[in-house]
Amino acid sequence: MSRRIHLNAFDMTCVSHQSPGLWRHPENRADTYNTLEYWIDLAKTLEAGGFDALFLADVLGIYDVYRDSASPALLDADQVPLNDPFMQISAMAAATSNLGFAVTSALTYEQPYALARKFSSLDHLTRGRIGWNVVTSYLESAARNLGLQRQLDHDDRYGIADEFMEVVYKLWEGSWEEDAVLKDRERGIYTDPSKVHPINHAGKHFNVPGIHLSEPSIQRTPAIFQAGASSRGRRFGAQHAEGIFLNSINTAVTRRQTDQIRDELELVGRPRDAAKIYALITTVVADSDAAAEKLFRQYQSYSSREGALAFYGGWSGLDLSRYAPDEELRYVQTNAAQSAVSIFTTANPAQRWSPDTIADYLGVGGIGPVLVGSPQTVADEIERWVDDSGLDGINLAYAITPGSFEQFTALVVPELRKRGRTWAGYEGNTLREYVSGRTRVADTHPAAAYRGAYAGAPSAADAKNSPEAVIPGR
Ligand SMILES: Cc1cc2nc3c(=O)[nH]c(=O)nc-3n(C[C@H](O)[C@H](O)[C@H](O)COP(=O)(O)O)c2cc1C
């Protein structure tokens, strides 16, 4: 059998995630993003389709680069209004048994000690179905509202990220020994203090002397995802990621990216397939090719040029209102997502992009292809994208929601199953098992270095605080 194509769904706790203007489509229920009903229905649909995970994007600012204004984003609801992506996860987990959840959190604006506890909590509550999409943020507007004058420099953000990861790995993998929690009612020992260890982290950016607050969860370290595609971002991904999300414009460019990522994995001592790679793809499916084409044209008629350029401004850091509509975009180093600039310039020098063609491309489905056709046509195209690009799967964005996900689950999943390209049912119970076949991090993953690393080292039970000292006779 050919390799399984991993399916992930891409959404965000907002109205317009990747398809600007389409919120106006009469069948789009994206504006119910602030109800649990929306999220629970979506989770059930995705689980019926055997999706590995729902990937929840997030940002902490607004898209105000284009026209130097927040108005275009607000008018089109481009990722604003935007709620916190962690809140709906427990409700979705309660309504499903298998679906995984990969939630985005920008570590630039977090403390590792507190964020580690948040993920451990969700790993407990989802019974091992949580993943973290590690991002460093790209919006100046986020930095300005989170205590900085301006965004930290691109590569410095990744430098902080490396140390951040070291701290959370220490907390998740090293602080609590496997058998620390005894729940011994007779002896009155819930946790054996000698088996819980302070991590004593003293670094350039973080000092965390203490213990992890949560007891070990099923996966301990959540499944780690990442989506940075600049050269520094790729290096970070090669070190830490177990799943990597890519934007894509054609299979040749995507193939180069997947080859580069696998080379980098090898360079850091991990197997070439240690991270699964997924490309952003949107599908428009109907019973026949002609009906799907008609539907696609209808979707396009709702898309917003201003909204698309507002998105692009936020992602790239470039204000395309300063360019003539047909002026060629050339690579400029920005402090936002550098891969959002390179993908339309240096990645494929044979193709020339301008504000008009970029707006057109982004109009439905963001920086990824839109595959349009009957279930057979779309399944053919997905196989071609995955196989020609060296991908492991897709990250399915929507034109309208939950309609696009329902179409895909009802029409394309059965076709992929028939071809043996996606599983008939979940194999395993944890998100990491879906991604890599194991529940705990691989031995070659950097988190594994802290597994049991402090056993035998000083514990939280120093003489002063041990139960013997506090309550004699125990
Ligand atoms: C498919 C995809 C999804 C992404 N989702 C998010 C997100 O939800 N939040 C975020 O802050 N950045 C997101 N990013 C941006 C990257 O994680 C990264 O921060 C950005 O691309 C800058 O890094 P780079 O210059 O290395 O590409 C995403 C990127 C891609 C390709």
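Details of the structure are given in the entry above.
To keep things clear, this report deals only with the structure shown in the data block.

### Quick look at the overall build of the protein
Logical step 1: Looking only at helices and strands, the protein has 16 helices and 13 strands in total.
Logical step 2: Its C-alpha radius of gyration of 23 Å places the protein within 12% of the 23 Å reference for a compact globule of 474 residues.
Logical step 3: Its C-alpha atoms put the protein at 80 × 50 × 45 Å along the principal axes.
Logical step 4: Contacts spanning at least 24 positions in sequence make up 78% of the contacts within the protein whose residues lie at least 6 apart.

### Re the packing of helix H10 (residues 305-316) against helix H12 (residues 355-362)
Logical step 1: Put simply, H10 and H12 touch, their axes get as near as 9 Å, and they point 95° apart. Taken together, the axes of H10 and H12 are roughly perpendicular relative to one another. Of the residues in H12, those touching H10 at Arg305, Ala308, Leu309, Phe311 and Tyr312 are Pro355, Ile358, Ala359 and Leu362.
Logical step 2: Looking at the contact of H10 with H12, its residues break down into 8 nonpolar, no polar and 1 charged.

### Describing the site of the ligand
Logical step 1: As a structural note, the neighbourhood of the ligand is formed by 23 residues, with Ala57, Gly228, Ser230, Gly233 and Ala337 the closest of them.
Logical step 2: Mapped by element, the contributors of at least two residues to the shell around the ligand are strand E3 (100-106), helix H7 (231-240), strand E10 (243-246) and helix H11 (338-342).
Logical step 3: Across the shell around the ligand, the residue classes break down as 11 nonpolar, 10 polar and 2 charged.

### Quick look at unusual backbone geometry
Logical step 1: The amide bond that connects Val80 to the next residue, Pro81, takes the cis arrangement and shows omega of 5°.
Logical step 2: Mapped onto the secondary structure, Pro81 falls in the loop between helix H2 (71-76) and helix H3 (89-95).
Logical step 3: With an omega dihedral of 0°, the bond running from Thr401 to Pro402 counts as a cis peptide bond.
Logical step 4: Relative to the elements of secondary structure, Pro402 occurs in the loop between strand E13 (393-397) and helix H14 (403-418).

### Let's talk about the nonpolar core
Logical step 1: Judged by nonpolar contacts, the single largest core of 128 residues is most densely connected at Leu54, Phe55, Phe101 and Ile394.
Logical step 2: Per-element tally for this core: the top contributor is helix H6 (residues 154-174), with 9 residues.

### Comments concerning the packing of H6 against H7
Geometry of a packed helix pair, given as the angle between the helix axes and the separation of the axes.
Logical step 1: One way to put it is that H6 packs onto H7 with a least axis distance of 10 Å and a crossing angle of 10°. Classified by the interaxial angle, the pair formed by H6 and H7 is roughly parallel. Every residue of H7 that contacts H6 at His154, Asp155, Tyr158, Ala161, Asp162 and Met165 is listed here: Arg232, Gly233, Phe236 and His240.
Logical step 2: The class makeup of the residues in the contact of H6 with H7 is 4 nonpolar, 3 polar and 3 charged.

The rules behind these values
- Residues numbered from 1 in each chain as written.
- Predicted model: local features only at pLDDT ≥ 70, side-chain atom pairs only at ≥ 80, totals over all residues.
- Helix = DSSP H or I, 4+ residues; strand = E, 2+ residues; numbered from the N terminus.
- Rg over C-alpha atoms; globule rule 2.2 N^0.38 Å.
- Contact = placed C-beta atoms within 7 Å.
- Axes fitted to C-alpha atoms, helices over the stretch in contact; angles between N-to-C directions.
- Parallel < 35°, antiparallel > 145°, perpendicular 65-115°, else oblique.
- Nonpolar A, V, L, I, M, F, W, Y, C, P; charged D, E, K, R; others polar.
- Near = placed C-beta within 6 Å.
- Core = buried A, V, L, I, M, F, W, Y, C linked by C-beta atoms within 7 Å.
- Buried ≥ 20, exposed ≤ 12 C-beta atoms within 10 Å, placed from the backbone.

Keep in mind that these numbers describe shape and distance, not what the molecule does.
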